[in-house]
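Secondary and tertiary structure notes
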Amino acid sequence: MTDARPYRLGVLDGDGIGPEIVPASLDVLDAVLAATGRAGGIEWMRLPMGRSAIDEHGAAMPDETLHALATLDGWIMGPHDSASYPEPHRSQLNPSGLVRKKFDLFANIRPAKTFPGTRAVCANADLVIVRENTQGFYADRNTYLGTGEWMPTADVAIAQAIFTRPAIERIARQAFELARRRRKHLTIVHKANVLRVTTGMFRSIVEEFAPEYPDVTVDAFHMDAMTVHLVRRAGDFDVIVAENMFGDILSDLAGEVSGSLGVAASLNHSTDKAMAQAAHGSAPDIAGQGVANPAAMILSAAMLLGWLGARNDDMALPRAAAEIERGVSAAIAGGSATRDLGGSASTAGFVAAVVAELGS
């Protein structure tokens, strides 16, 4: 490391399968750091979140957790099941939305890659969706105070969408920089034929950056057409940039097209904070059974390593992240797949298979 100190990362298990898949990801990170000569390179800080935090601290995201997160280099957040929280917690901003808003985690990076051995719709998907994470159509994070939804009467519900030049410019640059490091192809998703002012502005501002990146090919598709293109030819796409809701919808679709949401990783980041969080939900129907797929959480944690390494000029961490992805791919290809991928491996069995591949 550049400053010769361990990275300090928060651990928030969350709800449902979170207490199973989050520890699984820590096991893999500890193993890869040991295998690469970096044992002890991370200090873990466990923090309360979710239903257990409501029971013990009176809030799904206690103030003590938020204060601690501000002091850390990043954190790993498990899924939440906020729909099952008792009131008033159910109606409040959910833990993920609260953290993204408080720490301005404006970029949500969601890769979708086909792993050999999965039952993927597309055999060769390898794309990344760059989702603007703070504005757009999502009412829980597009206003400074409160939400962007209200009811003037019991029979009328109104929602607002917010698009601003600064927010679009910073996500555009993230997308172009990522495309430049990959296959140099950026696709803008919009709905400017109907939402001319809002998504039209999104498309136009992203296109303004094209002259700065002459090596990147840029195209654009309407949101509805893009869903069809992902199903038919996901392998043709490289980096896709979209506003908040469009990016959320497309990343779930891309995850399924490439094999399963069980391998859909996700990283949320600002300029100085990052949160690893799998794209899938809490799956309460299988919680506690030891059958949950931890791959998405493991791959999200690997993305956090890569982000930390790039930010701190610590190139050992991106190498460790690449080794984790290789280990996950090899474990799945070798038959150690969980049942959502068509296999029968347990959570612990899958982790053991990934760890066995590390450094091989």
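As a reminder, the structure under discussion sits directly above these lines.
Residues numbered from 1 in each chain as written. Predicted model: local features only at pLDDT ≥ 70, side-chain atom pairs only at ≥ 80, totals over all residues. Heavy atoms only, no water.

For the rest of this paragraph, the subject is the side chain of Asn312. Within the secondary structure, Asn312 sits in the loop between α9 (295-311) and α10 (316-333). Polar contacts involving the side chain of Asn312 include one to the main-chain carbonyl oxygen of Leu308, which spans 2.8 Å. (Helix = DSSP H or I, 4+ residues; strand = E, 2+ residues; numbered from the N terminus. Polar contact = N/O pair within 3.5 Å; in protein donor to acceptor, adjacent residues only side chain to side chain.)

The next point concerns helix α11 (residues 347-357). When α11 is considered as a whole, its buried residues turn out to be Thr347, Phe350, Val351, Ala353 and Val354. The buried side chains of α11 occupy one side of the element, clustering within an arc of 160° when seen end-on. In this structure, α11 carries Ala348 and Ala356 as exposed residues pointing more than 90 degrees from its buried face. On its buried face, α11 is in contact with α1 (18-35), α9 and α10. (Buried < 20%, exposed > 50% of the residue type's maximum accessible area, 1.4 Å probe, protein only. Arc of directions from axis to C-beta. Contact = heavy atoms within 4.5 Å.)

Below, the discussion takes up the pairing of strand β6 (residues 149-153). Every other side chain in a regular strand lies on the same face of the sheet, so the side chains alternate between the two faces. Summarising burial for β6: zero of the five residues are buried, a small minority. When β6 meets strand β7 (residues 156-159), the two strands line up antiparallel, connected through three bridges. Across the sheet, residue Thr153 finds its bridge partner in β7, namely Val156. The antiparallel hairpin formed by β6 and β7 contains two residues in its connecting segment. (Pairing = 2+ DSSP bridges.)

Of note, the bond from Glu87 into Pro88 is cis; its omega dihedral lies within 30 degrees of zero at 10°. Turning to its location among the elements, Pro88 is positioned in the loop between β3 (74-77) and α4 (95-102). Not every positive phi belongs to a glycine, and Asp313 is a case in point at roughly 55°. In this fold, Asp313 is placed in the loop between α9 and α10.

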